[in-house]
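# Per-entry structural report
In case you want the letters, here they are:
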Amino acid sequence: FTDFVGCLLSFFLAIVLGTLFSIPSPMLVIGSLVLIVPGLTLTSAISELAEHNFVSGTVKLVKAILIIVAMGVSYVIVDNLITLLNVAKTVQPMV
């Protein structure tokens, strides 16, 4: 649950910064995903599964999958909130 709350907080902070600095909010929300991606957890899970430590490898793999699901659900919630509040700015093409 802490990963889900962390995702929501980082996404809401991205929305606030996007509106303050006139940057498109979806760009900042997607950029904040880099801080939350469970790369090390996923890597160590695959490593332990390859070493035949099935119990700990499966537990770490499930944890990584749950973090990814929390990221997805919180992104959908924030994306719908951006659309609902009409906060999203359009990206102006460079001419």
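Residues numbered from 1 in each chain as written. Predicted model: local features only at pLDDT ≥ 70, side-chain atom pairs only at ≥ 80, totals over all residues. Heavy atoms only, no water.

## Some points on the overall build of the chain
- Scanning the chain from N- to C-terminus turns up four helices and zero strands.
- In sequence order, the secondary structure elements of the chain are arranged as α-α-α-α.
- For the chain, the C-alpha radius of gyration of 17 Å lies well beyond 12 Å, the compact-globule estimate for 95 residues.
- Overall, the chain is about 55 × 30 × 15 Å in size when its C-alpha atoms are taken along their principal axes.
- Taking all 95 residues of the chain together, 26% fall into the buried category.
- Once local pairs closer than 6 in sequence are excluded, the contacts in the chain between residues at least 24 apart make up 59%.
- Working note: accessible area of the chain is about 6500 Å², and carbon and sulfur atoms make up 75% of it. (Helix = DSSP H or I, 4+ residues; strand = E, 2+ residues; numbered from the N terminus. Rg over C-alpha atoms; globule rule 2.2 N^0.38 Å. Buried < 20%, exposed > 50% of the residue type's maximum accessible area, 1.4 Å probe, protein only. Contact = heavy atoms within 4.5 Å. Areas by Shrake-Rupley, 256 points an atom, 1.4 Å probe, with all protein chains shown as cover.)

## Looking at the nonpolar core
- Membership of the largest hydrophobic core comes to 13 residues, with the highest contact counts inside it found for Cys7, Phe11, Ile15, Val29, Met71, Val78 and Ile82.
- Listed by contribution, the elements that provide at least two residues to this core are α1 (2-20) and α4 (54-85).
- No other element matches the six residues that α1 contributes to this core. (Core = buried A, V, L, I, M, F, W, Y, C linked by side-chain atoms within 4.5 Å.)

## Focus: the packing of aromatic side chains
- Taken as a whole, this structure holds one aromatic pair when the rule is applied.
- Summarising the aromatic geometry, the rings of Phe11 and Tyr75 are spaced 6.2 Å apart at their centres and angled 80° between planes, so their arrangement reads as edge-to-face. On the criterion of sequence distance, the pair formed by Phe11 in helix α1 and Tyr75 in helix α4 is long-range, its members being 64 residues apart.
- Using a relative accessible area of 25% as the deciding quantity, one classes Tyr75 as partly exposed. (Phe/Tyr/Trp six-rings, centres within 6.5 Å; stacked < 30°, edge-to-face > 60°.)

## Structural notes on the confidence of the model for the chain
- When pLDDT is averaged across the chain, the result is 81; 91% of the residues are at 70 or more.
- When mean pLDDT is compared element by element in the chain, helix α3 (residues 39-50) scores highest at 89, while helix α2 (residues 25-31) scores lowest at 76. (pLDDT = per-residue confidence, 0-100.)

## A word on the pattern of salt bridges
- The tally for this structure, following the rule as stated, stands at one salt bridge.
- Between Lys60 and Glu48 there is a salt bridge, with its nearest N and O atoms 2.8 Å apart. Residue Lys60 is located in helix α4, and its partner Glu48 is located in helix α3; the two are separated by twelve residues in the primary sequence. (Salt bridge = Lys/Arg side-chain N within 4 Å of Asp/Glu carboxyl O.)

## With respect to the side chain of Glu48
- On the accessibility criterion, Glu48 (16% relative accessible area) is buried.
- At a separation of 2.3 Å, a polar atom in the side chain of Glu48 contacts the side chain of Ser56.
- Residues within four places of Glu48 in sequence aside, it is in contact with Asn53, Ser56, Gly57 and Lys60. (Polar contact = N/O pair within 3.5 Å; in protein donor to acceptor, adjacent residues only side chain to side chain.)

## Quick word on unusual backbone geometry
- Backbone geometry at His52 places phi at a positive 65°, although glycine is not the residue there.
- Tracing the backbone through its elements, the reader meets His52 in the loop between α3 and α4.
- Given a relative accessible area of 59%, His52 falls into the exposed group.

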